[in-house]
Amino acid sequence: MRGRAVATADLTARARIRAESLEPFLIGIFEHLGMPPADARVSARGLVLADLRGHESHGVSSNFFWYVDALRSGQINARPDIRIVQDSAAITRWDGDHGHGFVVGDRVMRDVIERADRYGCAFASVGRSRHYGMAQIYSLMALERDQIGFSMTNSHTQGVVPFGGAEARYDTNPITVAAPAGAEDPFVLDMATTTV
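Residues numbered from 1 in each chain as written. Predicted model: local features only at pLDDT ≥ 70, side-chain atom pairs only at ≥ 80, totals over all residues. Heavy atoms only, no water.

Draft legend 1. View of the sheet that holds strand β3 (residues 123-129). Read from one edge of the open sheet, three strands run β1-β2-β3, paired in mixed fashion. Whereas interior strands pair on both sides, the edge strands pair on one side only; in this sheet they are β1 (83-88) and β3. For this sheet, the mean inter-axis angle between neighbouring strands, taken without regard to orientation, is 15°. Where β1 meets strand β2 (residues 91-99), five bridges bridge the pair, whose relative direction is antiparallel. What sits directly across from R83, in β2, is D95. Across the face of the sheet, helix α4 (residues 101-119) comes into contact with β1, β2 and β3 while running at roughly 165° to β2. (Pairing = 2+ DSSP bridges. Helix = DSSP H or I, 4+ residues; strand = E, 2+ residues; numbered from the N terminus. Axes fitted to C-alpha atoms, helices over the stretch in contact; angles between N-to-C directions. Contact = heavy atoms within 4.5 Å.)

Draft legend 2. Seen up close, the packing of aromatic side chains. Going through the model one piece at a time under the given rule, you end up with five aromatic pairs. Ring geometry for F30 and F64: centres 5.5 Å apart, planes at 70°, overall edge-to-face. Within this pair, whereas F30 is found in helix α1 (residues 19-32), its partner F64 is found in helix α3 (residues 60-73), the two being separated by 34 residues in sequence. Per residue, the accessibility class of F30 equals that of F64, and both read buried. Summarising the aromatic geometry, the rings of Y132 and Y138 are spaced 4.6 Å apart at their centres and angled 10° between planes, so their arrangement reads as stacked. In this structure, Y132 and Y138 share a single accessibility class: buried. (Phe/Tyr/Trp six-rings, centres within 6.5 Å; stacked < 30°, edge-to-face > 60°. Buried < 20%, exposed > 50% of the residue type's maximum accessible area, 1.4 Å probe, protein only.)

Draft legend 3. Geometry of the pattern of salt bridges. What the rule picks out here adds up to 12 salt bridges. The partner of D81 in a salt bridge is R83, with the nearest N and O atoms 3.8 Å apart. Across the salt bridge formed by R83 and D95, the nearest N and O atoms sit 3.2 Å from each other. Pair noted here: R83 is in strand β1 and D95 is in strand β2, with a separation of 12 residues, a long-range link. By relative accessible area, R83 is classed as partly exposed at 33%. Since its relative accessible area comes to 11%, D95 is described here as buried. The network of salt bridges with shared partners includes D81, R83, D95, D97 and R128. (Salt bridge = Lys/Arg side-chain N within 4 Å of Asp/Glu carboxyl O.)

Draft legend 4. How the structure looks around the side chain of T172. Assignment of secondary structure puts T172 in the loop between β6 (170-171) and β7 (175-181). For T172, a relative accessible area of 13% gives the class buried.

Draft legend 5. Quick peek at the sheet that holds β7. Spatial strand order, β4-β7-β8: three strands in an open sheet with antiparallel pairing. Looking at the sheet topology across the chains shown, the edges are occupied by β4 (149-152) and β8 (184-191). Across the sheet, the axes of successive neighbouring strands diverge by a mean angle of 5°, strand direction being ignored. Judged from the six bridges that link them, β7 and β8 form a sheet pairing that is antiparallel. From the neighbouring strand, A179 faces β8, where its bridge partner is F187. Each of β4, β7 and β8 is contacted by helix α5 (residues 136-143), which is oriented at about 20° to β7, the strand it contacts most.

Draft legend 6. How the structure looks around α1. Taking 1.5 Å per residue as the helical rise, α1 with its 14 residues ought to reach 20 Å, and the 20 Å between its terminal C-alpha atoms agrees with that figure. Turning to α1, the residues buried within the fold contact α2 (37-52) and α3. G34, located one to two residues past α1, shows a positive phi value of around 105°. (Expected span 1.5 Å × (residues − 1).)

Draft legend 7. Fine view of the packing of α2 against α3. At a minimum axis separation of 9 Å, α2 and α3 run at an interaxial angle of 160°. For the element pair α2 / α3, the angle class is roughly antiparallel. Two packed elements cross with a definite hand, and for α2 against α3 that hand is right-handed. Where α2 approaches α3, its residues L47, V48 and D51 are matched on the opposing element by V60, N63, F64 and Y67. Among the residues making up the contact of α2 with α3, the classes are represented as five nonpolar, one polar and one charged. (Parallel < 35°, antiparallel > 145°, perpendicular 65-115°, else oblique. Left-handed = near helix turned anticlockwise from the far one by under 90°. Nonpolar A, V, L, I, M, F, W, Y, C, P; charged D, E, K, R; others polar.)

And the structure:
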């Protein structure tokens, strides 16, 4: 191949796709995998929002194919029976029935926001749910009602080295808070304990 230039792919190039086009595409795939349309919309919106907010580690390219595999294998329940298993006015405990974390988190946070309007504050805990994406999605939801939103989760990965330790022993526990600030931009904190 002497004297002939060979084109190579630029592995650092990034594709730019409009969110308005990407979201319906993702919805169609989630629906094809058995998710109800409303749940597919919530899941697609969560992935795209992560990319739009610069949180690409929880966006489409980082997680979508894992979610597809998990839905196909049944690790994520496409049609979960998400329900309250303990209810005490402003405090609830939920069973996510192994549903997609976006769907479980959205449903629970909407209920918490409604209860906070009624009681002044509200809290919920969730069991048997799957990866819920970018944690700030749920705290940001509270801003729409001029509330302070707080969300955190555990993980099954050992990514945190204890103080003075040599190897990871603990799960990462993401924490997010969003608080309205009147005419100013809201305060939004989204951190992983593995980093901070």
